[in-house]
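Structural characterization, general
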Amino acid sequence: MFTALSPGALGMQVKGLADAIRLAKTAGYGGVEFGVHEVAKLIDEQGADAVRAMFDSEGVKPAGWGLPTDWRGTDEAWRKGLDELPRLAAAANAIGCGRTMTWIMPCSNDRALEENRRFHIERLKPVAEVLAAHDCRLGLEFIGPKTLRDSQRYPFIYTMGDMLAMGAEMGPNLGLLLDCWHWYTSGATVDHLLALWPEQVVYVHVSDAPPGVPLEKHIDNQRCLPGATGVIDTASFLRALQQIGYDGPVTPEPFGSPATWAADALRACWSKAGL
């Protein structure tokens, strides 16, 4: 495993790939998320070797990229995104980064559970097929807080097991974006983590939860730096991932914290976990 910076997860604005890489290096991260459209454009202009050298020269790995396809929108937008995806996935593969991710809402005002499940499979299975052709994997993020689950008319998938089951119907290159916040708020345990295969975990987020809040009352965007409160047992979470053989990025997502604070907090969790 290695630490990775997601500027967007910390609410930060960067001036492109070179700036993001420099920020990751300065703050002490081992990797950094990137915008795949920018990487594809740079490869078109300079070649893949030059883009890989941007990472290598700073000792920072390309960690992952947000799925660029608008699969939630209109058929037209979805199909346009599918048409663009091969070039983008090929670009990510060319710099050695086959990890992409998207999040799945745990509720809907428009579709009941089974209809919504079919919608997700119909939209994301073709995406998964394109990604597989370029040796890329897609992590699906399940969303745990009950306050969010209850915010719309129809409930939907919010647990690790149910998300894996749906992903299995989309393709063998589907797994989890595993966020310890959603692991905790969905009621999962370390035993659930230890039952995973390493290839089922595509990407990892970590943060902590505010103290004194009942499990069912947590609000999704009210988070703390990893390890800050101890409400979420981040050390046990990380140890379990190491035990199953996960070797990918671990990204802090406390929302709105400076990159160096988040890096220091994550290193403290790393040390506590004995990693």
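Residues numbered from 1 in each chain as written. Predicted model: local features only at pLDDT ≥ 70, side-chain atom pairs only at ≥ 80, totals over all residues. Heavy atoms only, no water.

A few points about the overall build of the protein
Within the protein, the secondary structure is distributed over 11 helices and 10 strands. Against the compact-globule benchmark of 19 Å for 275 residues, the protein has a radius of gyration of 18 Å, which places it among compact chains. If you line up the protein on its principal axes, its C-alpha atoms span 50 × 45 × 30 Å. Put simply, the protein has 275 residues, and 51% of those count as buried. Across the protein, contacts joining residues at least 24 apart in sequence account for 81% of those joining residues at least 6 apart. (Helix = DSSP H or I, 4+ residues; strand = E, 2+ residues; numbered from the N terminus. Rg over C-alpha atoms; globule rule 2.2 N^0.38 Å. Buried < 20%, exposed > 50% of the residue type's maximum accessible area, 1.4 Å probe, protein only. Contact = heavy atoms within 4.5 Å.)

Section: the sheet that holds strand β2 (residues 31–33)
In spatial order, the strands read β1-β2-β3-β4-β6-β8-β9-β10; together these eight strands close into a barrel with parallel pairing. Ignoring which end each strand starts from, the neighbouring axes of this sheet average 30° apart. Pairing of strand β1 (residues 2–5) with β2, which is carried by two bridges, proceeds in the parallel orientation. Residue pairing for β2: Ala4 is matched across the bridge by Gly31. Against the sheet, helix α7 (residues 160–168) contacts β6 (137–141) and β8 (174–179), and its axis sits at roughly 155° relative to β8. (Pairing = 2+ DSSP bridges. Axes fitted to C-alpha atoms, helices over the stretch in contact; angles between N-to-C directions.)

Examining the packing of helix α10 (residues 234–244) against helix α11 (residues 259–272)
Relative placement of two packed helices is described by the angle separating their axes and the distance separating the axes. Where α10 meets α11, the closest approach of the two axes is 8 Å, and the angle between their N-to-C directions is 70°. Classed by the angle they form, the pair α10 and α11 counts as roughly perpendicular. Crossing geometry of α10 relative to α11 is assigned as right-handed. Where α10 approaches α11, its residues Thr234, Ala235, Leu238 and Arg239 are matched on the opposing element by Cys269, Trp270 and Lys272. Its residues placed into classes, the contact of α10 with α11 shows four nonpolar, one polar and two charged. (Parallel < 35°, antiparallel > 145°, perpendicular 65-115°, else oblique. Left-handed = near helix turned anticlockwise from the far one by under 90°. Nonpolar A, V, L, I, M, F, W, Y, C, P; charged D, E, K, R; others polar.)

Section: unusual backbone geometry
For Asp135, which is not glycine, the phi torsion reads 55° and is therefore positive. Counting through the fold element by element, Asp135 comes out in the loop between α5 (113–133) and β6. Residue classification places Asp135 among the exposed positions, given a relative accessible area of 62%.

Overview of the packing of aromatic side chains
Enumeration over the complete set of coordinates arrives at two aromatic pairs. A ring pair is formed by Phe34 and Phe55, whose centres lie 6.2 Å apart and whose planes are at 75°; its orientation type is edge-to-face. Taken together, the residues span a long stretch of sequence, with Phe34 in the loop between β2 and α2 (36–46) and Phe55 in helix α3 (residues 48–56) at a distance of 21 residues. The buried category is assigned to Phe34, whose relative accessible area is 6%. (Phe/Tyr/Trp six-rings, centres within 6.5 Å; stacked < 30°, edge-to-face > 60°.)

Describing the pairing of strand β10 (residues 249–252)
For a regular strand, side-chain orientation follows a simple rule: the groups alternate between the two sheet faces. Burial along β10 is two-sided: Pro249 and Thr251 facing one way and Val250 and Pro252 facing the other are all buried. With two bridges connecting them, β1 and β10 associate as parallel partners. Pairing of Phe2 across the sheet is with Pro249, part of β10. What joins strand β9 (residues 201–206) to β10 is α10, and the crossover it makes is right-handed. (Right-handed = clockwise from strand over helix to strand, strands pointing away.)

Topic: the pattern of salt bridges
Counted according to the given criterion, the structure contains 13 salt bridges. Among the salt bridges present, the one from Asp179 reaches Arg223, with a minimum N-O distance of 3.2 Å. Remark: Arg223 occurs in the loop between β9 and α10 and Asp179 occurs in strand β8; sequence separation between them is 44 residues. With respect to class, Asp179 is no different from Arg223; both count as buried. One network of salt bridges, in which partners are shared, links Asp179, Asp220, Arg223 and Glu253. (Salt bridge = Lys/Arg side-chain N within 4 Å of Asp/Glu carboxyl O.)

Description of the environment of Phe55
According to the relative accessible area criterion, Phe55 is buried, its value standing at 1%. Through-space distance from the C-alpha of Phe55 to that of Met160 is 32 Å; in sequence the pair is 105 residues apart.

Some points on the side chain of Ser207
Here Ser207 lies in the loop between β9 and α10. Look at Ser207 and you get buried, because its relative accessible area is 0%. In this structure, Ser207 is in contact with Asp179, Cys180, Trp181, Arg223, Cys224, Leu225, Pro226, Ile232, Thr234, Glu253 and Pro254, ignoring residues within four places of it in sequence.

By themselves, these observations are geometric and do not establish any function.
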